[in-house]
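Coordinate analysis (summary)
Okay, here's what each chain looks like letter by letter:
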Amino acid sequence: MIVAGIDCGAKNTKTVIMNDKKLLGKGMALTGFDQDKAVEKSLADALDEAGLKIDDIEAIGSTGAGMEDIKDAKVKVNEIKAMAKAANFFFPNARTVTDVGAEMGRAAKINEEGKVEDFAINEKCAAGAGAFIEAMARALEVDLEEMGPMANTSEMAIPMNAQCAIFAESEVVGLIHAKTKKKDISKAIHDAMASRIVSMIRKIGVNKDIVMIGGVGLNPGFVESMRRELDLEKIFIPEDPAYSSAIGAALLTLEEA
Amino acid sequence: MTDETKKEEFWRWTEANWKNPDMKLEDLKIITAGIDVGSVSSQAVIVGDGQIFAYGNMRTGSDSPESARNALNYALKDTGLHEDRIDYCIGTGYGRVNVPMADRSITEIACHARGANFIYGPEVRTVLDVGGQDCKAIRCDGRGKVTNFLMNDKCAAGTGRGMEVFADLLSVPITEVGDRSFDIKEEPAPVSSTCVVYAKTEATGLLRSGWEVNEVLAAYCSAMAERIYSLIERIGVQEKFAITGGMAKNKGVINRLMKIMGLEAMKTQWDTQIAGAAGAALFAHTLVERGKGRK
Amino acid sequence: MKANYGYKDGSGDFFISIDTDKCTGCGLCVEACPNGVMTVGEDENDPFSEDEVASVDETERKKIKYTCAPCKGEGKTEPCIKACEPGAINHSW
Ligand code: SF4
Ligand code: SF4
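Anyway, here's the lowdown on the structure attached to this text.

Another point: the overall build of chain B. Each helix and strand counted, chain B has 9 helices and 10 strands in total. Its C-alpha atoms give chain B a radius of gyration of 20 Å, near enough to 19 Å, the size a compact globule of 295 residues would have. If one aligns the C-alpha atoms of chain B with their principal axes, the spans along those axes are about 70 × 40 × 30 Å. At a minimum sequence separation of 6, the contacts of chain B that also span at least 24 residues come to 70%. A total accessible area of about 12000 Å² is found for chain B, and carbon and sulfur atoms account for 47% of it. Here chain B contributes 36 positively and 39 negatively charged side chains, and the mean placements of these two sets differ by 4 Å.

Now for the interface of chain B and chain C. Chain B puts 29 residues into the contact, and the matching count from chain C is 22 residues. The junction of chain B with chain C conceals about 2100 Å² of combined surface from both sides, 54% of it contributed by carbon and sulfur atoms. Looking at the side of chain B facing chain C, the largest losses of area belong to Phe149(B), Lys154(B) and Arg234(B), adding up to 30% of the total buried there. For the pair chain B and chain C, the number of links is 4 salt bridges. A salt bridge links Lys145(B) to Asp46(C); the shortest N-O distance between them is 3.3 Å. Inspection of the region where chain B meets chain C yields 12 residue pairs in polar contact (both at pLDDT 80 or more). Element by element, the count of residues in the side of chain B that touches chain C is highest for strand β9 (residues 146–152) of chain B, at 7 residues. Where β9(B) and strand β1 (residues 2–9) of chain C come together, 3 bridges link them in parallel fashion. When the sheet's bridge partners are listed, Phe149(B) is paired in β1(C) with Ala3(C).

This brings us to the pairing of strand β8 (residues 116–123) of chain A. Residues and elements named next belong to chain A. Where strand β7 (residues 104–110) meets β8, 7 bridges bridge the pair, whose relative direction is antiparallel. By the bridge assignment, Arg 106 is partnered in β8 with Ile 121. Remark: 5 residues form the turn of the hairpin made by β7 and β8, two consecutive strands paired antiparallel; Gly 114 in that turn has positive phi of roughly 85 degrees.

Let us now look at the packing of helix α3 (residues 108–120) of chain B against helix α9 (residues 275–289) of chain B. Two measures define how a pair of helices packs: the angle their axes make with one another and the distance between the axes. Residue and element names in this part refer to chain B. The interhelical angle for the contact between α3 and α9, taken along N-to-C directions, is 90 degrees, at an axis separation of 7 Å. By the angle class used here, α3 and α9 are roughly perpendicular. Side by side, α3 and α9 meet where Ala 110, Cys 111, His 112, Arg 114, Gly 115, Ala 116, Phe 118 and Ile 119 of the first sit next to Ala 275, Gly 276, Gly 279, Ala 280, Leu 282, Phe 283 and Thr 286 of the second. Its residues assigned to classes, the contact of α3 with α9 comprises 9 nonpolar, 5 polar and 1 charged.

Conventions used here
- Residues numbered from 1 in each chain as written.
- Chains lettered and ligands numbered in written order.
- Predicted model: local features only at pLDDT ≥ 70, side-chain atom pairs only at ≥ 80, totals over all residues.
- Heavy atoms only, no water.
- Helix = DSSP H or I, 4+ residues; strand = E, 2+ residues; numbered from the N terminus.
- Rg over C-alpha atoms; globule rule 2.2 N^0.38 Å.
- Contact = heavy atoms within 4.5 Å.
- Areas by Shrake-Rupley, 256 points an atom, 1.4 Å probe, with all protein chains shown as cover.
- Lys, Arg positive; Asp, Glu negative; His and termini not counted.
- Charge placed at Lys NZ, Arg CZ, Asp CG, Glu CD.
- Buried area = accessible area lost by both parts, 1.4 Å probe.
- Salt bridge = Lys/Arg side-chain N within 4 Å of Asp/Glu carboxyl O.
- Polar contact = N/O pair within 3.5 Å; in protein donor to acceptor, adjacent residues only side chain to side chain.
- Pairing = 2+ DSSP bridges.
- Axes fitted to C-alpha atoms, helices over the stretch in contact; angles between N-to-C directions.
- Parallel < 35°, antiparallel > 145°, perpendicular 65-115°, else oblique.
- Nonpolar A, V, L, I, M, F, W, Y, C, P; charged D, E, K, R; others polar.

Here is the structure:
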């Protein structure tokens, strides 16, 4: 059965096409202020990659902040469930999964079937979401993509006091004025963010393999800060972590349709 | 004046010093001082026998000890009073532990309540102080003793900083925010995101969908008023009610806040920004009176 | 006095409130807290009081949502609240 999974995130809309458990194509578009357009574009790209037409799709599942707006979606998948399903799909041993997106952070404890046992969410405050690192990159005048690799070249541990993205901007500017190296500031930023996410994960308990999905999983600086903070050897990240929730939505659609 | 200094100018009161013309130095028995080192401005208040004798109010520099010294010198200027004559000195404010001439420090919460009791009179029961980087809500009794308080200095929403970020985004000078937010046809719904980062995104969307700048300003002012109200609500409002701090000058927020509360804020002829330092000096006076002073 | 330590941000209200009239300064909450959030000392906000009272450590005031998170799991009661015999401690969340 061919299904599409669409994840309408605050920043990007991601679509995957799957034939049973096989990934056929994927597409991503900036959500911006026009959700419909983003869905249309990411879907078109995914179809293109899969070499399929819209009529080939038997069911659509949606998840993410804007999921209610997708008219054609047959199945609406709760974000936590989508995340849990995806983690279980990629790493069957995983019992803890975390998803850090542009405007939220989430963590869940899952069982061997990928069902949610407990979860914690952080939203509506940019200090605990990807938006924090974005805002800091602007203050530091460094490209977002460079932030992580840069942080990983630093050996320093500078504490950041501000627990608010807005106040942290001033703190970063202060550090720049104090001639602190950008790589050290970048590391401080990732550490601060990781410590907040890890506290959230601790709430549900750290057990066995930890999986991280979501676009922030592409940021090596953040992953490294998380690993240090959790005192683990490795954090499991699927290939193309940004598409994980869309894949989770597609898999659950397969089960329900 | 650059934009930066204009902005700072708005959140603090203008630099000033004052000496009480009705008090004579020779007559004073107990002389105490309170120094409040805030993030933006610092004040020193000299109290003689329980009355305000003089004060100075100025910009906080890059280091706290120096700012405290400058504020004190400014208060003492042209009063004929020498620093050695001060019987007891208390530091307060966020830089309170860095006031070198202070004999001890007391929190801004306690000092603010004590000072408000003096400045507004003993009827004041609820004091709201919204500064550049924090928001304090304090309830106190008729003697200026704190009965309930909270302080929010973690989140920029509901502080002067949040308003600054918006004024910048909309390219409206901070001093014009109040007036322009009322220059609208109809009061819009408040901005729904609390987080300043997300509220900015929301505002950008509103502008794109054709909202006027003034409407967006109005929507943010009322979001701010609601936000501040939800903080005071936590401690419960009791009349009479007073507002201090830089936000008191932003009527776009304050008028909307008073409307939500259904209360008028108290008025005073004093510069309300000296509340913390005055409270500190008055505490010092009581300590000396009770024989707990320096000597 | 009701002393509210903590904050309100976009994600909610996180205040630990201590009723200093009830608090005896016994320090049981300090012992109970696994994360060093609570401390006992002179009442910072009542300069004329001689009694020691509990408060939230200054370094923790802006992050209790995170620090206290492990205590907030389902079915668990916060150790600090449980330890306090006179019931002086309350959490807003
Ligand atoms: S303004 Fe700062 S603390 Fe407040 S919600 Fe946004 S990021 Fe969080
Ligand atoms: S909830 Fe837990 S971490 Fe928080 S103060 Fe109480 S005992 Fe400490």
